Structure formats: structure tokens, C-alpha cells
Amino acid sequence: MTIKRMAALVAGAALLVSVAPAGAQAQARTSLGPYGYGSVKLGMSAKDAKATGKISLKMKGQCSGWDLKAHPTGRDSVGVYISKNVGVALIFAQKGMKTPEGIGLGSTKKQLKAAYPHLKTAASGYPYTEVPGNKKAYYSFLLSKGKVYELALGLTTQDCVN
């Protein structure tokens, strides 16, 4: 092996090592949980959440409805609820969003149970779990035909939905 080839291999390896952590950091910033989604954090006031520039208002009220600008929802839905009492209360997963454990829309019930072995069932029949790394939050899931079709990250003290 020539010195030039060896130098190129070492430079390439160094580039891979320096890029991998940045990629991992980017993924962590865009995971749904454990504290929010990107710069929109659970408990953040509406004023502070709006100041991130990442959300847009869709509906006013005690619990205002917002969309994440990068993930707009349909006409009759919202992606984020912000309570006047507790701040950002709920963030709903949109297509392509995943929890740090790899669960997103379309995940199977088997994957859900593997990712969250302490999964519980609410009185309504829907599965939920405490968010790993954040005891003040939970994930709730709606399933149809064995697959997740709705996923929400919420504060345990949220007062926007049942």
C-alpha cells in the first residue's frame, strides 16, 4: 500500500468518525421524546414555544392547537396542544417521526412491546408507557390491525385531552 493510499484511508476514517456523532446528535434533536421534539419542549409556555419559530397557531383556547411547521397536519387536526396551565402538553407524532427507541407510526404491536416492556393498558384500552428518561411524561398509542396509527408524547399533568 502506498503512503498516499494509506493517508487517504486514514483521512476517510477520521471523516467518518467526526461525522457520525453529528448525525447521531441530529437524530437525537429530532426524536419525539423524551422531553419534546426538537426545540419544542414539554412544559414550555406558548410564548416560548412560538419564539422557537417551529410552530404555527391553528386554534385558540384553554388548550391552543398548533402545528409543527416541518410537519403540518390536516385541516381538522393539530400536532401540538399547549395548555394555559402547563404549557406544551402534547405533541403528536407525524409521518417519519420516531421515539428514541425507534417507535413511530406504522410500528407493530410486537415492536411496541419490545421497545417498551413495561407497557400498560389504560381504562380506555389503549397502550401507554412512561417515557424512558422522563418520569414527567408518557407515550400513548392508538393501534389498528396491530400497527400504531397515532402516537403522542404528553406531560403526565396535561389537561388538554382525556
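Here, the structure is the one placed above.
Cut-offs and rules
Residues numbered from 1 in each chain as written. Predicted model: local features only at pLDDT ≥ 70, side-chain atom pairs only at ≥ 80, totals over all residues. Heavy atoms only, no water. Helix = DSSP H or I, 4+ residues; strand = E, 2+ residues; numbered from the N terminus. Areas by Shrake-Rupley, 256 points an atom, 1.4 Å probe, with all protein chains shown as cover. Pairing = 2+ DSSP bridges. Contact = heavy atoms within 4.5 Å.

Peer 1: Just to check I follow, could you spell out the overall build of the chain for this structure?
Peer 2: Counting its regular elements, the chain contains 3 helices and 10 strands. If you list the helices and strands of the chain from N to C, you get α-β-β-α-β-β-β-β-α-β-β-β-β. As displayed, the chain has an accessible area near 10,000 Å², and 58% of this comes from carbon and sulfur atoms.

Peer 1: In this structure, what is going on with the sheet that holds strand 4 (residues 63-68)? I would like to understand it.
Peer 2: Hydrogen bonding along the main chain pairs the strands of a sheet, whether they run parallel or antiparallel. Taken in spatial order, the 8 strands make up an open sheet running 3-4-5-6-10-9-8-7, and their pairing is antiparallel. The open sheet has two edge strands with one neighbour each: strand 3 (55-59) and strand 7 (120-121). As paired strands, strand 8 (residues 127-131) and strand 9 (residues 134-144) are joined by 4 bridges and run antiparallel to one another. Considered in strand 9, the bridge of Y128 is made with S140.

Peer 1: So what exactly am I meant to see when it comes to the environment of S45 here?
Peer 2: Take S45: it is sitting in the loop between strand 2 (40-41) and helix 2 (46-51). Through-space distance from the C-alpha of S45 to that of I82 is 7.4 Å; in sequence the pair is 37 residues apart. Beyond its immediate chain neighbours, meaning those up to four positions away, S45 contacts I82 and G87.

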